[in-house]
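Now for the letters of each chain:
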Amino acid sequence: MRVLRKVGSSRRFRYTMLLLPITLLAILLSGTSFSAHRAAQDRTQSGLWYVHTLNVLLTTKQFEIETQSMMRGQRLYTLTGKTEFLNGYRTSRKEAREQVLELRRLTKDSPIQRDNAVRLDHQLLAFDAQLERLVRMSEQGRKDEVMTEWHAGTSRIPFDQILALLNHIEGLEKKLLASRRTVVIGAIGREEWYQHAQSAIGLMLLLATGLAGWFGSRAYDRARAAQDELQRRATTDSLTGLVNRGEFLHRLDQLTDAGTPYALAMLDIDHFKQVND
């Protein structure tokens, strides 16, 4: 009886010793799966925040381009009296309005940025009112008064206020992204440390950690690819692959402001509409 008891006790001990690591391994595998899932979520959220910030920055840049086009159209109309410049000014005004509405949509998740977008909307109205006043003065033959305001710099004040607010919005958006990334990176760091600790239990946990890193790398690559694609779409024409009108005007303004000599060439391609269609 004692021998049977010893054999039974020995078997129960071996079963217990075998069952304990298996149970521990199952628990650790569950923890690894949950941790990897959380890490993937954090990385995905980080990528979404990155794309969101990029969208905000692209919208503010496009808004700046349109407001520059508004001012340029008004000035060219005053200098030449040609209505096509006036039409260009009004087209840019419509585009600027759409951009500020898009910015208000993008910043609705942040109370501070939402208030800044509302302020920008009000400043756009003030800027447009200023330009409309100068247009009316030009139509009334008061060109000299308009040019006097140009030289004095008073007509540019609303535009400078818009630029200052745009810089503030962009800077704040970058800070928000940095703070969010810090939180995510900290969370990911803790989760990866937990995964590395679990990897010492066995090869399966090590493999799970590698898979989590692989998925994280793919999420980061997708975010980078989204950034490159958004940047390309914002600055190039999809048909020709050349820079679009906004980017062309932006570069032209940079050259003009810097006083860099440049030349423009216009090409007329016969039957281009057939190719374009």
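An account of the accompanying structure is given in this report.

About the cut-offs
- Residues numbered from 1 in each chain as written.
- Predicted model: local features only at pLDDT ≥ 70, side-chain atom pairs only at ≥ 80, totals over all residues.
- Heavy atoms only, no water.
- Helix = DSSP H or I, 4+ residues; strand = E, 2+ residues; numbered from the N terminus.
- Buried < 20%, exposed > 50% of the residue type's maximum accessible area, 1.4 Å probe, protein only.
- Contact = heavy atoms within 4.5 Å.
- Expected span 1.5 Å × (residues − 1).
- Patch = residues over 30% accessible without salt bridge, like charges linked within 9 Å, V, L, I, M, F, W, Y side chains within 5 Å.
- Areas by Shrake-Rupley, 256 points an atom, 1.4 Å probe, with all protein chains shown as cover.
- Salt bridge = Lys/Arg side-chain N within 4 Å of Asp/Glu carboxyl O.
- Core = buried A, V, L, I, M, F, W, Y, C linked by side-chain atoms within 4.5 Å.

1. Things to note about the overall build of the protein
Line of reasoning, step 1. A tally of helices and strands in the protein yields eight helices and zero strands.
Line of reasoning, step 2. In the protein, the succession of helices and strands from N to C terminus is α-α-α-α-α-α-α-α.
Line of reasoning, step 3. Counting all 277 residues of the protein, 35% fall into the buried class.
Line of reasoning, step 4. Considering only contacts in the protein between residues 6 or more positions apart, those separated by 24 or more positions represent 73%.

2. Quick word on helix α7 (residues 245–258)
Line of reasoning, step 1. Here α7 is 14 residues long and its end C-alpha atoms lie 20 Å apart, about the 20 Å a rise of 1.5 Å per residue gives.
Line of reasoning, step 2. All buried positions along α7 are accounted for by G246, E247, L249, H250, L252 and D253.
Line of reasoning, step 3. G259 sits one or two residues past α7 and shows a positive phi near 75°.

3. Topic: a nonpolar patch on the surface
Line of reasoning, step 1. A cluster of nonpolar side chains, V243, F248, L255, Y262 and L264, forms an exposed patch at the surface whose accessible area comes to about 440 Å².
Line of reasoning, step 2. Residue position: L255 is located in helix α7.

4. Side note on the nonpolar core
Line of reasoning, step 1. Counting residues in each nonpolar core, the largest one holds 23 residues, and the members touching the most others are F63, M70, L120 and F127.
Line of reasoning, step 2. Going through the elements one at a time, α1 (2–80), α2 (83–106), α3 (111–139) and α5 (157–199) are the ones with two or more residues in this core.
Line of reasoning, step 3. Leave out the neighbours within four places in its chain, and L120 touches F63, V100, L103, I162, L165, L166 and I169.

5. Let's talk about α2
Line of reasoning, step 1. The terminal C-alpha atoms of α2 lie 35 Å apart, and with 24 residues this matches the ideal 34 Å at 1.5 Å per residue to within 8%.
Line of reasoning, step 2. Every buried residue of α2 is accounted for by L86, Y89, S92, A96, Q99, V100, L103 and L106.

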